[in-house]
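Observations on chain architecture
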Amino acid sequence: MAKEITTEIFFEAMRLVASLDIKNDVKNLVREQSEGEKKDQFTFGYELIMQVFEKAVQKKAENQIYSFLSKVLEKPENEIREQNFVDLIDEIIAVADLEAWKNLFTKVAGLIITK
């Protein structure tokens, strides 16, 4: 069952993103998209995900990710840490309203790009 994007979850997600120090990476991607040759949605999204992934796999981000997932999945961090990774991804997909997140970030990106 998908979870609603509450303000609390949104701010937790933004704190996680901020801790990953990807602001300039995202800003550059958005600038390239608005000024240069337009990338299709898949390519833009893939590049964004890969930049987030590169930062997320750094050891310093690991505990923050466990903390965030603990709140979203409503389970202890140590269970997430020890969980089978494929099962974890399936669980994230099951509770994430991917369309709502996509719509949210599309709206935010639209505000950034038009300015």
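Residues numbered from 1 in each chain as written. Predicted model: local features only at pLDDT ≥ 70, side-chain atom pairs only at ≥ 80, totals over all residues. Heavy atoms only, no water.

**A short note on the packing of helix H4 (residues 59–73) against helix H6 (residues 85–95)**
Put simply, H4 and H6 touch, their axes get as near as 11 Å, and they point 50 degrees apart. Taken as axis vectors, H4 and H6 run oblique relative to one another. Relative to H6, H4 is oriented so that their crossing is left-handed. Across from Leu69, Val72 and Leu73 in H4, the residues of H6 making contact are Leu88, Glu91, Ile92 and Val95. Across the contact of H4 with H6, the residue classes break down as six nonpolar, no polar and one charged. (Axes fitted to C-alpha atoms, helices over the stretch in contact; angles between N-to-C directions. Helix = DSSP H or I, 4+ residues; strand = E, 2+ residues; numbered from the N terminus. Parallel < 35°, antiparallel > 145°, perpendicular 65-115°, else oblique. Left-handed = near helix turned anticlockwise from the far one by under 90°. Contact = heavy atoms within 4.5 Å. Nonpolar A, V, L, I, M, F, W, Y, C, P; charged D, E, K, R; others polar.)

**Things to note about unusual backbone geometry**
Positive phi, close to 55 degrees, is recorded for Glu74, a residue that is not glycine. Within the fold, Glu74 resides in the loop between H4 and helix H5 (77–82). You can call Glu74 exposed: its relative accessible area is 63%. (Buried < 20%, exposed > 50% of the residue type's maximum accessible area, 1.4 Å probe, protein only.)

**Some details on the packing of aromatic side chains**
Applying the stated rule across the entire model yields one aromatic pair. A centroid spacing of 5.7 Å and a plane angle of 70 degrees characterise the contact between Phe10 and Phe11, whose relative ring orientation is edge-to-face. For Phe10, a relative accessible area of 22% gives the class partly exposed. (Phe/Tyr/Trp six-rings, centres within 6.5 Å; stacked < 30°, edge-to-face > 60°.)

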